[in-house]
Amino acid sequence: MSERQRYFALRSFWSFLTPHRLTLAVVIACFMVANLTLAVIPYFIGEFIGALATSPMDRHDALVNFWGLVGLSSAHDLGWRLCEYLYVRYINPLRFEYETIIFQTVIRKPYHYF
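Since the model is a prediction, treat every value here as computed from it, not as a measurement.

Draft legend 1. Structural detail: the nonpolar core. Counting 12 residues, the largest nonpolar core is built from F16, L17, L24, V27, C30, F31, A34, C83, L86, I91, L94 and Y98. The contact partners of C83, leaving out residues within four places of it in the chain, are C30, F31 and A34. F48, A62, L69 and L72 belong to the second largest nonpolar core, which has 6 residues in total.

Here's what the structure looks like:
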């Protein structure tokens with residue numbers, strides 16, 4: 001089987017998605033930014049624990065890091081929900097549109113094809 005014959009379903013789907021590249025890029029970037037807020041949280045946890053462990057306790061640093069954790073957690077949650085909305089609103093209908101095209105193409109085939 002040649003390389004051209006392999007993965008024809010995936011190539012078909014990607015060619016269908018070509019006009020929607022910008023939409024895909026925006027949704028993927030949104031998910032990446034939402035996950036980036038999670039990647040920064042361990043730093044703030046370490047700083048928060050460090051501020052609590054100092055003697056005497058540095059109250060200002062502890063509060064700044066505490067509110068930083070609250071802000072990052074909230075930003076992640078809101079960002080993730082926004083990304084899910086964008087996915088459902090813009091990406092999910094593409095899948096159904098593609099399925100409709102495939103079904104219409106297959107159903108037009110003669111009976112002996114099946």
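There's more to say after this.
Draft legend 2. Highlighting the packing of helix α1 (residues 8-17) against helix α3 (residues 59-107). Packing of α1 against α3 brings their axes to within 11 Å, and their N-to-C directions diverge by 120°. Compared by their axis directions, α1 and α3 come out oblique. Considering the relative orientation of α1 and α3, their crossing is right-handed. Together, A9, S12, F13, F16 and L17 of α1 and L94, E97, Y98 and I101 of α3 make up the contact between the two elements. A class-by-class count of the residues in the contact of α1 with α3 yields 7 nonpolar, 1 polar and 1 charged.

Draft legend 3. Region of interest: the state of the cysteines. A complete count under the given rule lists 1 disulfide for this structure. There is a disulfide in this structure between C30 and C83, and the S-S distance comes to 2.2 Å. Looking down the S-S bond of the C30 and C83 bridge, the torsion is -95°, so its handedness is left-handed. You can see C30 sitting in helix α2 (residues 21-53) and its partner C83 sitting in helix α3, a full 53 residues away along the chain. C83 matches C30 in its accessibility class, with the two residues each being buried.

Draft legend 4. Region of interest: the environment of G46. Relative to the helices and strands, G46 resides in helix α2. Each C-alpha atom of the pair G46 and N65 lies 9.1 Å from the other, and the pair is 19 residues apart in sequence.

Draft legend 5. Main features of the packing of α2 against α3. At a minimum axis separation of 8 Å, α2 and α3 run at an interaxial angle of 165°. When the axes of α2 and α3 are compared, the pair comes out roughly antiparallel. Crossing hand, α2 versus α3: left-handed. Here the contact of α2 with α3 is built from residues that sort into 25 nonpolar, 8 polar and 3 charged.

Draft legend 6. Structural detail: the side chain of T37. Among the secondary structure elements, T37 is positioned in helix α2. Dropping the residues within four chain positions of it, T37 is found in contact with L72, A75 and H76.

Draft legend 7. Representation of the pattern of salt bridges within the structure. A complete count under the given rule lists 2 salt bridges for this structure. The partner of E99 in a salt bridge is R95, with the nearest N and O atoms 3.7 Å apart. Taken together, the residues E99 and R95, both in helix α3 and 4 residues apart, mark about one turn of the helix.

Draft legend 8. Geometry of the packing of aromatic side chains. Enumeration according to the criterion identifies 7 aromatic pairs in this entry. When the centroid spacing of 4.8 Å and the interplanar angle of 70° are considered together, the rings of F31 and W80 count as edge-to-face. One end of the pair, F31, is in helix α2; the other, W80, is in helix α3, and 49 residues separate them in sequence. Note on F66 and W67: the rings are 5.0 Å apart at their centroids and 75° apart in plane angle, and the pair reads as edge-to-face.

Here is what the cut-offs are and how they apply
Residues numbered from 1 in each chain as written. Predicted model: local features only at pLDDT ≥ 70, side-chain atom pairs only at ≥ 80, totals over all residues. Heavy atoms only, no water. Core = buried A, V, L, I, M, F, W, Y, C linked by side-chain atoms within 4.5 Å. Buried < 20%, exposed > 50% of the residue type's maximum accessible area, 1.4 Å probe, protein only. Contact = heavy atoms within 4.5 Å. Axes fitted to C-alpha atoms, helices over the stretch in contact; angles between N-to-C directions. Helix = DSSP H or I, 4+ residues; strand = E, 2+ residues; numbered from the N terminus. Parallel < 35°, antiparallel > 145°, perpendicular 65-115°, else oblique. Left-handed = near helix turned anticlockwise from the far one by under 90°. Nonpolar A, V, L, I, M, F, W, Y, C, P; charged D, E, K, R; others polar. Disulfide = S-S within 2.5 Å. Salt bridge = Lys/Arg side-chain N within 4 Å of Asp/Glu carboxyl O. Phe/Tyr/Trp six-rings, centres within 6.5 Å; stacked < 30°, edge-to-face > 60°.

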